[in-house]
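Examination of the molecular architecture
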Amino acid sequence: MNISPTTSAVNLINTAQHKSAGAAQEIAKLPIQDNEVGSSEFNSSDIIKPVLSLKEAELETSAAVKLLQADKEITGSLLDIKA
């Protein structure tokens with residue numbers, strides 16, 4: 001089985017996409033209305049985990065992009081050497 005950097009990057013992007021979708025869904029379900037900033041139903045700690053998941057997904061996507069860029073550079077260098 002051959003695992004390429006491109007495959008790893010695509011898998012990482014897919015994972016990040018699912019993670020961010022789940023976090024966004026959690027945030028959307030929180031009981032916050034436009035005029036209910038101080039609602040007794042809202043617990044500020046409820047929003048911390050999904051926001052951290054969004055940040056984690058952002059970092060995973062950034063890492064995947066860097067992986068794709070490095071793979072592109074390596075492939076370009078190999079083609080230059082072979083030419």
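On a predicted model such as this, the values are computed, not experimentally measured, just so you know. (Residues numbered from 1 in each chain as written. Predicted model: local features only at pLDDT ≥ 70, side-chain atom pairs only at ≥ 80, totals over all residues. Heavy atoms only, no water.)

1. Remarks on the overall build of the chain
The secondary structure content of the chain amounts to 2 helices and 0 strands. Among the 83 residues that make up the chain, the fraction classed as buried is 12%. For the chain, the proportion of contacts with a sequence separation of at least 24, taken over those separated by at least 6, is 79%. For the chain, the exposed area adds up to about 6,500 Å²; of that, 58% sits on carbon and sulfur atoms. (Helix = DSSP H or I, 4+ residues; strand = E, 2+ residues; numbered from the N terminus. Buried < 20%, exposed > 50% of the residue type's maximum accessible area, 1.4 Å probe, protein only. Contact = heavy atoms within 4.5 Å. Areas by Shrake-Rupley, 256 points an atom, 1.4 Å probe, with all protein chains shown as cover.)

2. Focus on the pattern of salt bridges
For side chains bearing opposite charge, pairing can occur when the charged atoms are close. The tally for this structure, following the rule as stated, stands at 3 salt bridges. In this structure, Glu60 engages Lys19 in a salt bridge whose closest nitrogen and oxygen atoms are separated by 2.8 Å. With a gap of 41 residues between them, Glu60 in helix α2 (residues 45-82) and Lys19 in helix α1 (residues 5-29) connect regions that are remote in the sequence. For Glu60, a relative accessible area of 17% puts it in the buried group. Glu58 is paired through a salt bridge with Lys55; the nearest N and O atoms lie 3.1 Å apart. Note that Glu58 and Lys55 are positioned in helix α2 at a spacing of 3 residues, about one turn of the helix. (Salt bridge = Lys/Arg side-chain N within 4 Å of Asp/Glu carboxyl O.)

3. Considering the side chain of Asp71
Positionally, Asp71 belongs in helix α2. We note that Asp71 is buried and unpaired, the nearest opposite charge coming from Lys72 at a distance of 11 Å. If we skip the residues at most four places from it in the chain, Asp71 touches Pro5 and Thr6. (Lys, Arg positive; Asp, Glu negative; His and termini not counted.)

Nothing here speaks to function; it is geometry throughout.
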